[in-house]
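# Topology and contacts: notes
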Amino acid sequence: MTVFAQRVYRQLKTVPMGRVTTYKALAESLNSRAYQAVGQALRHNPDAPNIPCHRVVASNGGLGGFNGQRTGKQLEKKIRLLKSEGVKVVENKIKNFKDVFWRF
DNA sequence: CATACCGTCCAAT
DNA sequence: ATTGGACGGTATG
């Protein structure tokens, strides 16, 4: 893996339960604007169970995508997981987004 | 080295 | 709500 990706995962692991972050915030916390690179890194998902990629959402409050899909059954499972962590999701979007948003 | 891809973002329409 | 361009980094050959 690359250094960049390692940093992404490291930051991601610092996000506590019930909180989410965005690709943008993540990238910026790494002193970079590579939002897409973050997404790509997560997509390759080298350490899936250990990395809470479901806590990463789009800046508009949308869920973004998961496991290479923006929609699908897998996604719904992740939504359920988020809900079980205290994050409310409605219509594939985060509710009270600014409340659960994690600022690094 | 060059090209294509990306789970995005933002501004303009 | 939709489009179209932009940017940084990785993947692949």
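The structure this text deals with has already been given above.
Residues numbered from 1 in each chain as written. Chains lettered and ligands numbered in written order. Predicted model: local features only at pLDDT ≥ 70, side-chain atom pairs only at ≥ 80, totals over all residues. Heavy atoms only, no water.

### Observations regarding the environment of Ala58
Within the element layout of this structure, Ala58 appears in the loop between β2 (56–57) and α4 (73–84). The spatial distance from the C-alpha of Ala58 to the C-alpha of Thr21 is 8.1 Å, given a sequence separation of 37 residues. Beyond its immediate chain neighbours, meaning those up to four positions away, Ala58 contacts Thr22, Tyr23, Leu63, Gly64 and Phe97. (Helix = DSSP H or I, 4+ residues; strand = E, 2+ residues; numbered from the N terminus. Contact = heavy atoms within 4.5 Å.)

### What about the protein's contact with DNA strand B?
Lining the immediate environment of DNA strand B, one finds 18 residues, of which Tyr23, Lys24, Gln36, Leu42 and Gly65 sit closest. In DNA strand B, the atoms that sit within 4 Å of the protein are 43% sugar and phosphate, with bases accounting for the remainder. With respect to DNA strand B, the side chain of Lys24 contributes an N or O atom lying 2.4 Å from a phosphate oxygen. The contact in question runs from a phosphate oxygen of DNA strand B to an N or O atom on the backbone of Ser59, over 2.9 Å. Listing elements by their share of the surface near DNA strand B, those giving two or more residues are α2 (23–29) and α3 (35–44). Of the residues forming the surface near DNA strand B, the biggest block, six residues, is contributed by α3. (Near = heavy atom within 4 Å. Polar contact = N/O pair within 3.5 Å; in protein donor to acceptor, adjacent residues only side chain to side chain.)

### Details of the packing of helix α1 (residues 3–13) against α3
Between α1 and α3, the least distance of the axes is 10 Å, while the angle of their chain directions is 80 degrees. When the axes of α1 and α3 are compared, the pair comes out roughly perpendicular. Of α3, the residues touching α1 (which contributes Phe4, Ala5, Val8, Tyr9 and Leu12) are Ala37, Val38, Ala41 and Leu42. Its residues assigned to classes, the contact of α1 with α3 shows nine nonpolar, no polar and no charged. (Axes fitted to C-alpha atoms, helices over the stretch in contact; angles between N-to-C directions. Parallel < 35°, antiparallel > 145°, perpendicular 65-115°, else oblique. Nonpolar A, V, L, I, M, F, W, Y, C, P; charged D, E, K, R; others polar.)

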